[in-house]
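# Report on the structure
In case you want the letters, here they are:
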Amino acid sequence: MTDTLPQAVRQTRDKLLELLADLEPAAVAWVHAQRSGRQAKPGVVVVGETNRGKSSLVNALLATPNASPVDADVATSTYLVFGHADHWQASAHYPGSMASIPFEIAELPNWVTMRGELPLGALPPRFVTVDGPVPLLDRLTIVDTPGVGGLNSVHGELAKEAARDATALLFVVDASSPFTSGELAFLAEVGERVETVLFALTKVDAFRGWREILDADRALLAEHAPRFAESTFYACSARMFELAGRSANEQAAAMLRERSGIVELQVSMQELLIGRSVMLTEANGLRTVATALAEQEAALAAKVRAFSSGAEEAATLTQRRDELVTARRSATRGWQVRLRAEMQRARMETGHEVSRDMRDLQSWFRQAIDAADRTTLGDAPRQVDAALQLASGRISA
């Protein structure tokens with residue numbers, strides 16, 4: 001049934017186009033013009049707490065070791081957007097009208113890790129795009145979000161921003177412990193805005209009791225996020241997939257790839273997201289045809305009224321017009337007063353929200369600075385800059 005549904009939708013769309021062509025040929029040309037725009041590729045945003053194996057999982061999905069830096073902490077101000085290109089290339093992107101900055105792929109750790117050193121005069125980027133010759137990226141994009149600080153902190157706002165336009169969310173937890181309260185809170189907030197959420201349970205090769213952790217995760221979802229209680233979990237091991245790539249024995253490599261669970265996740269992502277993308281394209285096509293048909297229906301109805309209306313209907317319409325004119329005049333002043341009041345209320349609420357955000361940031365950074373040692377204290381200015389950039393972006397929005 002699933003395989004035949006897109007074909008049935010296309011057949012229905014073609015029949016409606018034939019009907020529309022009989023009514024108004026120019027409307028068919030408009031429909032084709034609307035449908036000719038290129039559809040964006042589906043995108044998967046990978047989120048998770050720090051040390052959950054998120055970037056290692058991304059590298060395994062891309063079958064490219066070190067595509068996303070793993071050894072160093074990912075900077076709190078940066079997320080990586082992986083796309084397709086004939087050769088590896090990278091660019092740093094900034095909010096507003098600032099131009100993007102291309103750089104060599106070997107310099108990626110300097111732009112996206114806390115220990116990296118940016119070129120002289122360069123600012124921390126809002127996000128970084130990395131494009132390369134990976135077959136999977138020709139069909140969808142993958143976004144690796146930062147995990148430093150936890151999803152229940154300022155840093156979680158970056159993951160929310162990246163997930164705003166996602167086709168799907170890949171939520172990463174590992175086999176060492178069940179969901180944290182921060183993960184559940186983040187999932188409850190962001191998951192409601194993203195239709196498709198997949199779950200990856202990583203590091204299953206390192207923890208024998210991962211099935212008990214999986215059961216605990218399901219129980220927590222049933223209690224705190226029941227929408228996802230029956231969701232599929234993909235048990236994965238990025239380390240086993242990497243070992244398969246280094247194995248000289250093809251039979252052993254194939255066994256390691258299968259046991260790693262990475263291939264199953266890759267296939268499921270493509271089947272689910274790309275199939276949904278096709279359906280979305282067809283649904284949009286039907287919606288465009290329906291709009292054109294609705295316009296023709298309105299035009300035909302107007303013609304029917306023109307042929308059937310008489311003096312009595314004209315008098316009724318004139319009376320109704322006069323009533324509406326009178327009502328508009330009496331209501332205009334009331335709406336103006338209400339508009340001014342609502343604008344003043346919006347100003348006050350916005351001011352209060354900005355003040356609250358600044359207080360929260362001050363409180364968070366005071367606690368972080370009090371708890372920091374000399375090594376991590378040196379990274380505080382960059383974190384402050386990133387948090388202020390995020391606050392500025394939210395105010396502008």
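Residues numbered from 1 in each chain as written. Predicted model: local features only at pLDDT ≥ 70, side-chain atom pairs only at ≥ 80, totals over all residues. Heavy atoms only, no water.

### Observations regarding the overall build of the protein chain
A count of helices and strands for the protein chain gives 13 helices and nine strands. Out of the 397 residues in the protein chain, the part that is buried amounts to 40%. Put simply, 77% of the contacts in the protein chain that link residues at least 6 apart link residues at least 24 apart. When the accessible surface of the protein chain is summed, it comes to about 23,200 Å², and 54% of that surface belongs to carbon and sulfur atoms. (Helix = DSSP H or I, 4+ residues; strand = E, 2+ residues; numbered from the N terminus. Buried < 20%, exposed > 50% of the residue type's maximum accessible area, 1.4 Å probe, protein only. Contact = heavy atoms within 4.5 Å. Areas by Shrake-Rupley, 256 points an atom, 1.4 Å probe, with all protein chains shown as cover.)

### Focus on the pattern of salt bridges
In the structure shown here, the tally under the stated rule is eleven salt bridges. Between Asp174 and Arg52 there is a salt bridge, and its shortest N-O distance comes to 2.7 Å. In this pair, Asp174 sits in strand S7 (residues 168-174) while Arg52 sits in the loop between strand S1 (43-47) and helix H3 (54-62), placing the two residues 122 residues apart along the sequence. Assigned by exposure class, Asp174 and Arg52 land together as buried. The partner of Asp322 in a salt bridge is Arg321, with the nearest N and O atoms 3.4 Å apart. A relative accessible area of 38% places Asp322 in the partly exposed class. Through salt bridges with shared partners, a single ionic network connects Arg52, Asp174, Glu183 and Lys203. (Salt bridge = Lys/Arg side-chain N within 4 Å of Asp/Glu carboxyl O.)

### Comments concerning the pairing of strand S5 (residues 127-132)
Most of S5 sits inside the fold, with five of its six residues counted as buried. Pairing between strand S3 (residues 89-93) and S5: five bridges, direction antiparallel. Across the sheet, residue Ala90 finds its bridge partner in S5, namely Val130. (Pairing = 2+ DSSP bridges.)

### Overview of the packing of aromatic side chains
Within this structure, the stated rule accounts for ten aromatic pairs. On the basis of an interplanar angle of 10° and a centroid distance of 5.5 Å, the ring pair of Tyr79 and Phe127 is categorised as stacked. Of the two residues, Tyr79 sits in the loop between H3 and strand S2 (80-84) while Phe127 sits in strand S5, which places them 48 residues apart along the sequence. Look at Tyr79 and you get buried, because its relative accessible area is 8%. Residue classification places Phe127 among the partly exposed residues on the basis of a relative accessible area of 24%. Each member of the aromatic cluster is reached from another via a ring pair, and the members are Phe171, Phe179, Phe186, Phe199, Phe228 and Phe233. (Phe/Tyr/Trp six-rings, centres within 6.5 Å; stacked < 30°, edge-to-face > 60°.)

### Description of the packing of helix H8 (residues 238-246) against helix H9 (residues 250-260)
Running from N to C, H8 and H9 cross one another at 165°; their axes reach a closest spacing of 8 Å. Taken together, the axis directions place H8 and H9 in an arrangement best described as roughly antiparallel. Read as a crossing pair, H8 and H9 show a hand that is left-handed. Taking contact as the criterion, the partners of Met240, Phe241, Leu243 and Ala244 in H8 are, on H9, Ala253, Leu256, Arg257, Arg259 and Ser260. Within the contact of H8 with H9, the residues separate by chemical class into six nonpolar, one polar and two charged. (Axes fitted to C-alpha atoms, helices over the stretch in contact; angles between N-to-C directions. Parallel < 35°, antiparallel > 145°, perpendicular 65-115°, else oblique. Left-handed = near helix turned anticlockwise from the far one by under 90°. Nonpolar A, V, L, I, M, F, W, Y, C, P; charged D, E, K, R; others polar.)

### Considering the nonpolar core
Membership of the largest hydrophobic core comes to 38 residues, with the highest contact counts inside it found for Leu57, Ile142, Leu170 and Leu265. Counting residues per element, this core draws most heavily on H3, which supplies five residues. If we ignore the near neighbours within four places in the chain, the residues touching Leu170 are Val44, Val45, Val46, Val47, Leu57, Leu61, Leu198, Phe199, Ala200 and Leu265. (Core = buried A, V, L, I, M, F, W, Y, C linked by side-chain atoms within 4.5 Å.)

### Considering the sheet that holds strand S6 (residues 141-144)
Taken in spatial order, the nine strands of this open sheet run S4-S3-S5-S2-S6-S1-S7-S8-S9, and their pairing is mixed. Only two strands of the sheet have a single partner each, and these edge strands are strand S4 (101-103) and strand S9 (233-235). The mean angle between the axes of side-by-side strands here comes to 25°, regardless of whether they run parallel or antiparallel. By the bridge criterion, three bridges tie strand S8 (residues 196-202) to S9 in an arrangement that is parallel. Bridge pairing links Phe199 to Phe233 in S9. Each of S1, S2, S6, S7 and S8 is contacted by H3, which is oriented at about 160° to S6, the strand it contacts most. The strands that helix H7 (residues 210-224) touches are S7, S8 and S9; relative to S9, the one it contacts most, it runs at about 165°.

### Examining the pairing of S1
Along any regular strand, the residues point their side chains to alternate faces of the sheet. Judged by how many residues are buried, S1 sits mostly within the fold: five of five residues are covered. By the alternation rule, side chains of S1 split into Gly43, Val45 and Val47 and Val44 and Val46, which are all buried. Sheet topology note: the S1/S6 ladder contains four bridges and is parallel. In the strand pairing of S6, Val45 is matched with Val143. Note: S1 against S7, four bridges, orientation parallel. Looking at the pairing, Val45 lines up with Leu169 of S7.

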